[in-house]
Amino acid sequence: DDAARDPRTAPVLDRLDAVIRARANLAAPLMREGKWVGTISLFDDRPRAWSAREQRLLRDAAERLWSALEVAVALRDARRERERLRAVLDDLAVGVIVAEADGRVAIANRRVPEICGLDPDAGEAPDLAGYTAWWPDTGEALGLDDWALS
C-alpha cells in the first residue's frame, strides 16, 4: 500500500525519488520460457491499494507489450538483414535479380539497370513478366516457372 514503508521497495525509493515520486508501485514481471526478461510497472504519487482488476489489466498489458516488442525486434532484425543483403549484392560486379513467382522484381542490385540500359538513378528494374525466352532444343517459350531466378 505504501512503497516508502515496504521493506522490499523502500531501499530503492530514495534513488528513484529523483526521477519518479512514487508512493505506490504495481509491477508485473515479463516472463519468457520460465525466465524473467523484464518488468512493467505502474506508479502513483500517493499510497494506495491496487485493485484485482488493475493487477489483471497490468498483467494483460505486459503480455501484449512484450508480444509487440518481440514483433518490433523481429522487424528491426529483418530490416538489418535486408540492408546487409543489399550491401553484398550491390558490391557484386554482375547483375542480380530476385523475382517473385509472378515475375515481379523484388530485389535488383545496382548493376541490373546498367546492364539492362535503364537509368540507374531512377531505381528501375526490368519487368520480367514481359520477357520472352525459348528453350534452345525445342523452341518452346519459357514460362515464369522456368526462369532461373531466386
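What you are looking at is a predicted structure, and each value in this text was computed from that prediction instead of being measured.

(A) Main features of the overall build of the protein chain. Regarding its fold elements, the protein chain presents three helices and four strands. In the protein chain, the order of α-helices and β-strands from amino to carboxyl end is α-β-β-α-β-β-α. Sequence separation of at least 24 residues holds for 27% of the intrachain contacts in the protein chain that already meet a minimum separation of 6. Here the protein chain displays about 11,100 Å² of accessible surface, and carbon together with sulfur accounts for 54% of that area.

(B) Quick look at the nonpolar core. In terms of nonpolar packing, the biggest core is built from nine residues, these being Ala 24, Leu 26, Ala 28, Leu 30, Ile 40, Trp 50, Leu 58, Ala 62 and Trp 66. Counting residues per element, this core draws most heavily on strand E1 (residues 24-32), at four residues.

(C) Spatial organisation of the pattern of salt bridges. According to the stated counting rule, one finds eight salt bridges in the structure shown. As a salt-bridge pair, Arg 84 and Glu 81 come within 2.5 Å of each other at their nearest N and O atoms. Of this pair, Arg 84 and Glu 81 both sit in helix H2 (residues 52-91), three residues apart, roughly one helical turn. Owing to a relative accessible area of 46%, Glu 81 belongs among the partly exposed residues under this scheme. One network of salt bridges, in which partners are shared, links Arg 32, Glu 63 and Glu 70.

(D) Quick look at the packing of aromatic side chains. On inspection of all chains with the given rule, the structure shows zero aromatic pairs. A cation over a ring is seen here: Arg 48 above Trp 50, with NZ or CZ 4.0 Å from the ring centre.

(E) The side chain of Asn 109, seen in detail. Position of Asn 109 among the secondary structure elements: in the loop between strand E4 (105-108) and helix H3 (111-116). Side-chain polar atoms of Asn 109 contact the backbone oxygen of Leu 89, separated by 2.9 Å. For Asn 109, the side chain forms a polar contact with the main-chain nitrogen of Val 96, separated by 2.9 Å. Excluding its chain neighbours within four sequence positions, the residues that come into contact with Asn 109 are Arg 86, Leu 89, Asp 90, Leu 92, Val 94, Gly 95 and Val 96.

(F) The confidence of the model for the protein chain, seen in detail. Here the protein chain shows a mean pLDDT of 82. Residues at 70 or above account for 84%. Within the protein chain, helix H1 (residues 10-17) has the poorest average pLDDT of any element, 68, and H2 the best, 93.

Basis of the calculations
As a convention, each chain's residues are numbered from 1 in the sequence order in which they are written. With the structure being a predicted model, the display of local features is reserved for residues of pLDDT at least 70 and the display and counting of side-chain atom pairs for 80 or more, all residues being used for whole-chain, interface and lining totals. To obtain the side-chain values, all non-hydrogen atoms of the structure were used and water was disregarded. A run of H or I in DSSP counts as a helix once it spans at least four residues, and a run of E counts as a strand once it spans at least two, with each numbered from the N terminus. Here a residue-residue contact requires only that any non-hydrogen atoms of the pair lie within 4.5 Å. Note on areas: Shrake-Rupley, 1.4 Å probe, and residue coverage restricted to the protein chains presented here. For the purposes of this section, nonpolar cores are sets of buried Ala, Val, Leu, Ile, Met, Phe, Trp, Tyr and Cys residues that join through side-chain atoms within 4.5 Å. The classification of residues rests on relative accessible area computed with a 1.4 Å probe and restricted to protein chains. Under 20% of the type maximum is buried, over 50% is exposed, and intermediate values are partly exposed. Any carboxyl oxygen of Asp or Glu within 4 Å of a side-chain nitrogen of Lys or Arg constitutes a salt bridge here. Only rings of Phe, Tyr and Trp enter the pairing, Trp through its six-membered ring, and a pair is recorded when the two centres are within 6.5 Å. The plane angle decides the type: under 30 degrees is stacked, over 60 is edge-to-face, the rest tilted. Whether a charge sits over a ring depends on NZ of Lys or CZ of Arg being within 6 Å of the ring centre and within 35 degrees of the ring normal. Side-chain atoms alone can form a polar contact between residues adjacent in sequence; in general such a contact is a pair of N or O atoms within 3.5 Å, and within protein one must be able to donate a hydrogen while the other accepts it. Residue-level confidence of the predictor is summarised by pLDDT, bounded by 0 at the bottom and 100 at the top.

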